[in-house]
Amino acid sequence: MASPDLFPNVAFSDVSASAAPAAEGATAAFGVSAATGGPRLSLVKAGKPEVEPTVEIDLSDAQIFKLGASEWLCVYGESEAKAGVEELFSRAIKVVLRTEAESKAFSLAFQRWKQQVISGKAGEPLENGSIIASRSKFDTKIEASSAKMYFHYYGQLLHQQNMLQDFVRTGTYYAAVMENRSDFEGRVVVDVGAGSGILSLFAAQAGARHVYAVEASEMAEHAQRLISGNPSLGQRITVIKGKVEEVELPEKADILISEPMGTLLVNERMLESYVIARDRFLAPDGKMFPTTGRIHMAPFSDEYLYVEMANKALFWQQHNFFGVDLTPLHGSAFQGYFSQPVVDAFDPRLLISPPTYHTLDFTSMKEEELYEIDIPLSFVASVGTRVHGLACWFDVLFNGSTVQRWLTTAPGSPTTHWYQLRCVLSQPLYVMAGQEITGRLHLVAHSAQSYTIYLTMSAKMWGVGVEQGGILQTSTGKLELKEPYYRLSQPQSYMPQDQQQQQQLPSLQPQGSEQQMQEGLSPGITIDQVDQECGLH
């Protein structure tokens, strides 16, 4: 159990009682009730020992409301027996702290101790019932098992190190903050999903008056140690463990900073928490770093990748696997491999059309707009080739008052830990130079903190005398963003389109985590062989 938090020389008065005099020079103490064992706030008049509080407030049903820079109203329930019947009524105590800094500390202590109210697990039987855990907006949207794995992952230092060592990511954030010191100097900053606390430390370096680092995972303890180990900066940073959907802050923020981007920008659904933090904490005309995000898309042709994907299912073409015919499952296995988005770094020359993009304005969009994202597609092929799917990447803008800086994950740019993402179609399209490619990229959020991707791509009729707007070919795919195929850590060598068709493909050995990597391409399988297996010829 945490040690008590003491606030000496406060004044308090019972606003529920008429003409009640204020108690000056009193002490406010957060701690554990000797009677119930639960968190409580004791208000003790001057000269009285803490064991004899004038007012003792059970934090289980208490709330505080800010009245002024250093004034708070604490409202709680209290019961009283009248004529043998116990009645419940509300009581309000006004508490005045000495300074604004103490007022902030009082608010944070209240929230910290109040979080200890439910010490059991949801559903645990008690003498007069069972514990019912309150559900925040996050809890209603996200499966408990997914959230547990998510916060466990980001609670480990090795994963924080992986992100910190992405020098494109970390260096761009550092530059965006330092180049826009005027946005941070003397300002209140909230770091949404602070992780290791590195962005909070950047904000403090840029002169922030105070930074609130909000982190829900166990990484909050590591962040506190890191910040405490840099005292010249840490004295202006407060670490708050909790979800942004649930915690309370003692003041509004002038600027939000966060790294809420996942694969394809939206994976892990942290952008929703970023928008919720904006609505809860950001002052009018406040700034957000990053400010906007863009999802970029373009059709691509990559025979190497297509054959590698199709080749995975050839295992299920065996007619005599220890006496068992596996072919009834070949079709399902084939579609299963193509339901995985491919995450890797690829050569931008594989793109067959200039990209288009879809913008998300974090400063104005509604959280609900992230539940379903519908993007129409329209491209014109620059070469005649087979279209194997849609390539995607993202960038975000830090719209500072002094410098506008972009963080990009585009192919051909320095590689980040996000890489790029490609949705591979199980049935490629054939196009000629100048032919129009249309379609739809439809992202639907789900409770496992990710999205289902529905992709449709069509090659339109072209040439003199054809039906205007007619569709020649269409291919569709359903992919699961949460279960990608992490393929290669570096861009593969580029081969011109006319050489890809005749190339005999060597074995490719993928790199990455053992859990997420799939088997590579077997030697000796050609493009035409895969086409014949898949019924494309």
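Residues numbered from 1 in each chain as written. Predicted model: local features only at pLDDT ≥ 70, side-chain atom pairs only at ≥ 80, totals over all residues. Heavy atoms only, no water.

Caption draft 1: Spotlight on the packing of aromatic side chains. All told, the structure shown has 19 aromatic pairs when counted by the stated rule. A centroid spacing of 5.0 Å and a plane angle of 75° characterise the contact between Tyr174 and Phe202, whose relative ring orientation is edge-to-face. Of this pair, Tyr174 sits in helix α5 (residues 167-178) while Phe202 sits in helix α6 (residues 198-205), and the two are 28 residues apart along the sequence. The exposure class of Phe202 is buried, given its relative accessible area of 7%. (Phe/Tyr/Trp six-rings, centres within 6.5 Å; stacked < 30°, edge-to-face > 60°. Helix = DSSP H or I, 4+ residues; strand = E, 2+ residues; numbered from the N terminus. Buried < 20%, exposed > 50% of the residue type's maximum accessible area, 1.4 Å probe, protein only.)

Caption draft 2: Quick look at the pairing of strand β23 (residues 450-460). In terms of residue burial, β23 counts as a mostly covered element, since nine of its 11 residues are buried. What sits between the antiparallel neighbours strand β22 (residues 436-446) and β23 is a turn of three residues, in which Gln449 has the positive phi angle 65°. Bridge count for β23 against strand β24 (residues 471-480) is nine bridges, and the pairing is antiparallel. Bridged to Tyr454 within β24 is Lys478. (Pairing = 2+ DSSP bridges.)

Caption draft 3: Layout of unusual backbone geometry. Of the consecutive residues Phe289 and Pro290, the connecting peptide bond is found in the cis state with omega at 5°. One can find Pro290 in the loop between β14 (282-289) and β15 (292-300). For Asp285, which is not glycine, the phi torsion reads 65° and is therefore positive. On the secondary structure map, Asp285 appears in strand β14. If you check the backbone angles, Tyr419 has positive phi at about 55° while not being a glycine. Position of Tyr419 among the secondary structure elements: in the loop between β20 (404-408) and β21 (420-431).

Caption draft 4: Up close: the packing of α5 against α6. Relative orientation of the contacting elements α5 and α6 amounts to 25°, with a least axis distance of 9 Å. By the angle class used here, α5 and α6 are roughly parallel. As α5 runs across α6, the sense of the crossing is right-handed. Between α5 and α6, the residues in contact are Thr170, Tyr173, Tyr174, Val177 and Met178 and Leu199, Phe202, Ala203 and Gln205, respectively. Here the contact of α5 with α6 is composed, by residue class, of seven nonpolar, two polar and no charged. (Axes fitted to C-alpha atoms, helices over the stretch in contact; angles between N-to-C directions. Parallel < 35°, antiparallel > 145°, perpendicular 65-115°, else oblique. Left-handed = near helix turned anticlockwise from the far one by under 90°. Contact = heavy atoms within 4.5 Å. Nonpolar A, V, L, I, M, F, W, Y, C, P; charged D, E, K, R; others polar.)

Caption draft 5: Looking closely at empty space enclosed by the protein. A full pass over the atoms with the stated rule returns two cavities of 30 Å³ or more. In this structure, the largest cavity spans a volume of roughly 50 Å³. The wall of the largest cavity is formed by Gly262, Thr263, Leu264, Cys392, Trp393, Phe394, Thr409, Trp418, Tyr419, Gln420 and Leu421. Contributing elements (two or more residues each) for the lining of the largest cavity: β19 (385-399) and β21. Tallied by class, residues from the lining of the largest cavity come to seven nonpolar, four polar and no charged. In terms of lining, the second largest cavity is formed by Phe138, Lys141, Ile142, Glu245, Glu268, Arg269, Glu272, Ser273 and Gln449. Those elements giving two or more residues to the lining of the second largest cavity turn out to be α2 (137-141) and α9 (270-281). The residue inventory of the lining of the second largest cavity, partitioned by class, reads two nonpolar, two polar and five charged. (1 Å grid on protein atoms, 1.4 Å probe; cavity = no way out; pocket = protein on both sides within 12 Å on 5 of 7 lines; lining within 4 Å. Points joined across faces, edges and corners; volume = space filled by probe spheres on them.)

Caption draft 6: Local environment of the nonpolar core. Val190, Leu256, Leu265, Val266, Met297, Leu390 and Leu441 are the most contacted members of the largest nonpolar core, which totals 93 residues. Ignoring any residue separated from it by four or fewer positions in sequence, one finds Leu390 in contact with Met297, Ala298, Pro299, Phe300, Leu377, Phe379, Leu421, Arg422, Cys423, Leu441, Leu455 and Met457. Membership of the second largest hydrophobic core comes to 24 residues, among which are Ala23, Val55, Trp72 and Tyr76. (Core = buried A, V, L, I, M, F, W, Y, C linked by side-chain atoms within 4.5 Å.)

Caption draft 7: Examining the side chain of Ser107 more closely. Within the secondary structure, Ser107 sits in helix α1 (residues 100-114). Those residues in contact with Ser107, other than ones at most four positions away along the chain, are Ile64, Trp72 and Pro250.

Caption draft 8: The pattern of salt bridges, seen in detail. In total, this model carries 25 salt bridges according to the counting rule given. Between Glu272 and Arg269 there is a salt bridge whose closest N-O contact spans 2.7 Å. Pair check on accessibility: Glu272 and Arg269 agree, each one buried. Two residues, Asp347 and Arg349, come together in a salt bridge whose shortest N-O distance is 2.9 Å. (Salt bridge = Lys/Arg side-chain N within 4 Å of Asp/Glu carboxyl O.)

Caption draft 9: Region of interest: the sheet that holds strand β18 (residues 372-380). The sheet built from four strands is open, its strands ordered β18-β22-β23-β24 with antiparallel pairing. Of all the strands in the sheet, just β18 and β24 have a single pairing partner and so form its edges. On average, adjacent strands in this sheet sit at an angle of 15° to one another, irrespective of strand direction.

Caption draft 10: The arrangement of the environment of Asp166 in detail. Structurally, Asp166 is set in the loop between α4 (157-164) and α5. Separated by 250 residues in the primary sequence, Asp166 and Thr416 place their C-alpha atoms 6.0 Å from one another. Leave out the neighbours within four places in its chain, and Asp166 touches Thr415, Thr416, His417 and Trp418.

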